[in-house]
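Observations on the model geometry
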Amino acid sequence: MNFFYKLTSYIILITLFVVIFSQTVFAEKADITVKQPLTIAINETSFPYHSIDEQGNAIGLMADMWRLWAKKQQVEVQFIVLPWLETLSEVAKGNVDIHGGLSIVDSRRETLQFSQPLFSIYTHLYVNQQLSNVNNLADLKPYSIGVVKGSAHIENLQKYHPEFALKTYDNRHDLYRGALNNEILVFTGLEKLSDNFPDYDTLRQRFPPHKVLRYQQGDYGVAVAKGNNSLLNLIEQGFAQVSREERAAIERKWLGLTKQKDSLLVAFSSHYPPYMGVSPSGEPQGLLIEVWRLWSKKVGINVEFVPRDMTEGLDLITEQKADILLAYPDHVKTSNDIAFANPIYSSTVEVFLNNRIKDVKGMPFESLEQFNQQFNGGVIGIWQDSTFKDQLLAQYPQLNVRYFSSLITMLDAAERDEISGIVGLVDLISARLVQSNLQTLFYRLDSPVITLKLSPVIHHKNNKLVEIVNRGFNELDINSLIKIEDRWLNGNAGEHYYKKQAQKIMLSDADKDFLASHGKINLGIIKNLSPIEFIDEQGKFSGINRDITHLISDSTGIEFNYLPFDSWQQLYKALLDNKIDMLGSITPTAEREKLLIFTDSYWQMPWVMVHPQYYGRKSKLEDFYGKQVAIVKGYYLIAKLRKIHPLITFKLVDNREQALVALQQERVDGFITTMASATQLLKQENIVTLMISMMEDVSLEKSHFGINKQLPLLKGIINKGLLSITEKEKQAIYDNWFSLAINTGLDKNVVLQVGAQIGVIILLVLGVIVMWNRRLQVEIKHREQLEKIMKHMATHDELTGLANRVLLKDRLSTAIAFHQRQSLKMAVLFIDLDGFKNINDTHGHGVGDELLQQVALRLQGCVRSSDTVVRFGGDEFVLLLTGLNSPNEAAYVAEKVLRMMQKEFELSKTNAFIGCSIGIAMYPNDGDNDTDLLKIADTMMYKVKAAGKNHYIFN
């Protein structure tokens, strides 16, 4: 009994102790939560941290964090929505228990007590898209910056950027409305705009992501009234129970970047054209942007681009808010949380010196070492965010450098001669110089050359994505990459990364096995087709095709065996009979493609007509209607020409020598051939009575290699070899074969030898030498004139002196590439004269030609020197207007042309009035290539004709 009494007493005592302890704990919590639920102040415009939805419910990162906190602490919470300034004052007074979340700044510590920082917060400046000159904080000095009253932005800006002028608004939505009303062009904000703002889409369009500047990193936490330590302890106790994974998931939900399902989010900087940037409308563009799009198409994974500066891009990867940082120099030491994929591009860092900076001999410097030795006071500008600056200064510790906040400010300093030169990525600096019209003021040093390999950046935990990225880039077609590179980069193509990669021929195992088993490749050639291919005086194969195949042999290891034939017909038959493996200088046709395999084109030449000088300059085959024209048998062009021009009698000859004889004997009126053959004929003195006219209505002759259909692997190997040939090498071949050789017929050495042996007639010999030298000078002048005429003929119209179709195509292609890089517009105006045919038929071709010449002069007076005026053919002209900002500029020129064409023309036999119809195509809206732009402009011109003529129209 005693035992049970004692046991009962112990149980009662223990129970009493537990009850007392529990009451103490609950009493302690009850003191804090006596006003349960705990009230939390939030603001409806502080998105994405705290805000409300359409139903008035609290949303945002901190709303989710507080709900998770309440669950872990088993405490009920209630959100109180207040204007921003009231959230601060009501918590400070104790009327609301907790502030839901805010930046931790010193001024707020006077009335509030903060928790430990929950996470870092980045503050941003949103810049209007029309401020194209603003690329960094230094560019913002002229503008007022909008801020919300009581926000931490005010304190931070006044502390770190006291030079900025601030304009305050009561709340964030008022701030947004002020921005839309153009009261301010710059305003402060957090990571995201408030998407519950009624005009959110318009606001985001005017203040796009690529114009956002990140200016400050701070801490974000929660707060209670000053001195309320017990509540603050309870708050921090609850947040300590929130795991890192739970917090990261909430952060990604609200601070992560939105993207489509099954897409990869690729961060990139918009400040690195031509590699990566944005168009005026905010669309991502650039060399590496296009490369990534090609990758996306190859692997079948959609990518979405988000513009951020490089530092923020790295943070997005570290925090797993973005999947990939587009490209970053892989030599830079960064966070352990990131991994580099294989390099996708490589560029060089070089030094650009001002042209006035010369060495002691007045010559340009060759190296930075030489510059340092002779130009002690010289300063080299470098962008402060450059990733290569440490590497450069390690090599040149004595270098006098000045850091700049942006490339623009650095170029401004260089233009004002404040610094001697600048250093940076070659293509980036070159693009900026062109954009600023400073490209002629600088020259590049030969050394140093620092190579930077650019690699995609991915979170280190995502090994699978690294493998996918690497595999996708390995499978990309090198030809497509080279085309992208050519569109975006200026300068020597030999510097281009993808071009260099292609030059490093990588033959597959199948390619190697084929070459090993097949042995030498039998290449058929024509004995006498100079300068294309021929057997020279020493019996060796020579010509353009020889030079091309030698380069292919060097890069692929192919051994060629050259087999000569007397005519094209014999050569072609030998290929069909499997007696040779391939031949050169052949143009694909539908019939030939059934019998042969064709490589890529490696050479192109215009067609010309050789004819008597007394015919005068001709430009179209129509000029030879009713005449007989010689053409070499086997040319693919014969059937086409007979069909299109039935009024010309085409006489087939075995070779051009036969054609020349027939022409000299006046059995034919002309000989149609390529410019290459005509060049060779110009070197012969016995054709002084002949001349050459460019046939504008015949397409360019494009040369390919034709390959036996039983050797498909050979095509791929030859194409790889062709791809390895640089533009510099092609130019050397052109210069070698299209410069006119001088053959005087006299041997100077023989003349001198005779003069030395026969002293009696020394004066006579001297006389011969003098005569020979005079003849030599005359011959040189004659040849130089012929070469100049030939080159001019290839690109200009003989009658008007304007550019012709060949030059138009070249300038259009070049202009498209440039305007794409610089995000500019250009226009193609297709002009057809109204009433010209009547004047030409009534008064004769002489008067018609006179009128065309005057039209050409008036058109040249309507455009700038940088624009191009083209005689397209007959009475059709084309204007290429470059560097436009809007279609209105093209319309202004069109109106000017209309007025000039309507003025009276004073001709030798009569005075004439004409008009013109103009069709206009705009780049890039109407097309991104020369064919589409010309086609649309031509179509628009015919619409004007149909609508009554003498007007202009856009697409």
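For every chain, the first residue of the written sequence is number 1, and numbering continues from 1 onward in sequence order. Predicted model: local features are reported for residues with pLDDT of at least 70 only, side-chain atom pairs are reported and counted for 80 or more only, and whole-chain, interface and lining totals are derived from all residues. Side-chain calculation: all heavy atoms of the structure are included, whereas hydrogens and water are not.

**As for the overall build of the protein**
Think of it this way: any DSSP run of H or I at least four residues long counts as a helix, any run of E at least two long counts as a strand, and we number them from the N terminus. Secondary structure assignment for the protein yields 33 helices and 45 strands. Only protein chains enter the accessibility calculation, which uses a 1.4 Å probe; a residue whose area is less than 20% of its type maximum is buried, one above 50% is exposed, and one in between is partly exposed. In the protein, buried positions account for 51% of the 955 residues. The contact criterion used is simple: two residues touch if any of their non-hydrogen atoms lie within 4.5 Å. The contacts of the protein with a sequence gap of at least 6 include a subset with a gap of at least 24, amounting to 71%. Working definition of accessibility: Shrake-Rupley area with a 1.4 Å probe, residue cover restricted to the visible protein chains. Entry remark: accessible area of the protein is about 46,000 Å², with carbon and sulfur atoms responsible for 51%.

**As for the packing of helix 18 (residues 509–518) against helix 25 (residues 712–723)**
Comment: axis = line fitted to C-alpha atoms, over the contacting stretch for helices; angle = value between 0 and 180 degrees taken between N-to-C directions. One can describe the packing of helix 18 onto helix 25 by two numbers: an axis separation of 10 Å at closest approach and a directional angle of 105°. As summarised for this structure, helix 18 and helix 25 are arranged roughly perpendicular, according to the angle between their axes. Here Ala 510, Asp 511, Phe 514 and Leu 515 of helix 18 lie close against helix 25, whose contacting residues are Leu 713, Leu 714, Ile 717 and Lys 720. When an angle is under 35 degrees it counts as roughly parallel; over 145 it counts as roughly antiparallel; between 65 and 115 it counts as roughly perpendicular; any other value is oblique.

**Considering the sheet that holds strand 45 (residues 952–954)**
Two strands pair under a simple rule: DSSP has to find at least two bridges between them. Spatially, 5 strands are ordered 40-41-39-44-45 in an open sheet, and the strand pairing comes out mixed. At either margin of the open sheet sits one strand with a lone partner, and together these are strand 40 (868–873) and strand 45. The sheet shows a mean angle of 20° between the axes of neighbouring strands, direction not considered. Pairing of strand 39 (residues 825–834) with strand 41 (residues 876–884) involves 7 bridges; the strand directions are antiparallel. Along strand 41, the bridge assignment pairs Leu 829 with Leu 879.

**A word on helix 25**
Expected span of a helix: the number of residues minus one, times 1.5 Å. For helix 25, with 12 residues, the first-to-last C-alpha span of 17 Å sits near the 16 Å given by 1.5 Å per residue. Among all positions of helix 25, only Leu 714, Ile 717, Ile 718, Asn 719, Gly 721, Leu 722 and Leu 723 are buried.

**Focus: the packing of helix 13 (residues 407–415) against helix 14 (residues 426–435)**
Two elements in contact, helix 13 and helix 14, have axes whose closest approach is 11 Å; the angle formed by their N-to-C orientations is 65°. Relative to helix 14, helix 13 is oriented so that their crossing is right-handed. Between helix 13 and helix 14, the residues in contact are Leu 407, Ile 408, Met 410 and Leu 411 and Leu 428, Ile 429, Arg 432 and Leu 433, respectively. When its residues are assigned to classes, the contact of helix 13 with helix 14 shows 7 nonpolar, no polar and 1 charged. Here a crossing is taken to be left-handed if its near helix is turned anticlockwise relative to the far helix by less than a right angle, and right-handed if that turn runs clockwise. Think of it as three bins: nonpolar holds Ala, Val, Leu, Ile, Met, Phe, Trp, Tyr, Cys and Pro, charged holds Asp, Glu, Lys and Arg, and polar takes everything else, Gly as well.

**Regarding the nonpolar core**
For our purposes a nonpolar core is just a set of buried Ala, Val, Leu, Ile, Met, Phe, Trp, Tyr and Cys residues, chained together by side-chain atoms within 4.5 Å. In terms of nonpolar packing, the biggest core is built from 86 residues, with Leu 326 and Tyr 345 touching the most fellow members. The element that contributes the greatest number of residues to this core is helix 9 (residues 287–299), accounting for 6 residues. Each residue touching Tyr 345, except ones within four places of it in the same chain, is listed here: Tyr 275, Leu 287, Leu 288, Leu 452, Lys 453, Leu 454, Glu 485, Leu 489, Tyr 497 and Tyr 498. Ranked by size, the runner-up nonpolar core spans 62 residues in total, among them Phe 541, Phe 565, Ile 586 and Ala 630.

**Some remarks on the pattern of salt bridges**
Just to be clear on terms, a salt bridge is a Lys or Arg side-chain nitrogen sitting within 4 Å of an Asp or Glu carboxyl oxygen. The final tally for this structure, using the stated rule, is 28 salt bridges. Taking the shortest distance from any N to any O, the salt bridge between Arg 546 and Asp 547 comes out at 2.5 Å. Overall, Arg 546 belongs to the partly exposed group, its relative accessible area being 22%. Classification of Asp 547 by relative accessible area gives buried; the value is 14%. Of the charged contacts in the structure, one is a salt bridge between Asp 654 and Lys 633, with a shortest N-O distance of 3.0 Å. Linking Asp 654 in the loop between strand 35 (649–653) and helix 23 (656–664) with Lys 633 in the loop between strand 34 (628–632) and helix 22 (637–644), this pair joins segments that are 21 residues apart in sequence. With relative accessibility at 32%, the residue Asp 654 sits in the partly exposed group. Several salt bridges converge on common partners, so that one network encompasses Arg 214, Arg 308, Glu 312 and Asp 315.

**So, the environment of Gly 238**
Topologically, Gly 238 is positioned in helix 7 (residues 229–240). Separated by 172 residues in sequence, Gly 238 and Trp 66 have C-alpha atoms that sit 9.4 Å apart. Setting aside residues no more than four positions away along its own chain, Gly 238 makes contact with Trp 69, Lys 72 and Gln 73.

**Focus on helix 14**
An α-helical turn contains 3.6 residues, so any two residues separated by three or four positions project in the same direction. Extensive coverage of helix 14 is indicated by the burial of 9 of its 10 residues. Within helix 14, burial applies to Val 426, Asp 427, Leu 428, Ile 429, Ser 430, Ala 431, Arg 432, Leu 433 and Val 434. Phi turns positive, to about 60°, at Asn 437, one or two residues after helix 14.

**Comments concerning the confidence of the model for the protein**
The predictor attaches a confidence to each residue, called pLDDT, with possible values from 0 through 100. Per-residue pLDDT for the protein averages 83, and the proportion of residues at 70 or more is 87%. Contacts from residues 10–34, a stretch scored under 50 in pLDDT, to residues over four places away or in other chains number 6 contacts. Confidence over residues 740–760 falls short of pLDDT 50; this stretch has 24 contacts with residues more than four positions distant or in other chains.

**Topic: the sheet that holds strand 34**
In spatial order, the strands read 35-34-36-33-37; together these 5 strands make up an open sheet with mixed pairing. Two strands lie at the open edges of the sheet, namely strand 35 and strand 37 (690–694), each paired on one side alone. Adjacent strand axes in the sheet meet at a mean angle of 30°, parallel and antiparallel pairs treated alike. As paired elements, strand 33 (residues 607–612) and strand 36 (residues 670–674) share 4 bridges and run antiparallel to each other. What sits directly across from Trp 607, in strand 36, is Thr 674. Contacts from helix 22 reach strand 33, strand 34, strand 35 and strand 36 within the one sheet, and its direction differs from that of strand 35 by about 165°. Packed on one face of the sheet, helix 23 meets strand 33, strand 34, strand 35, strand 36 and strand 37 and runs near 150° to strand 36.

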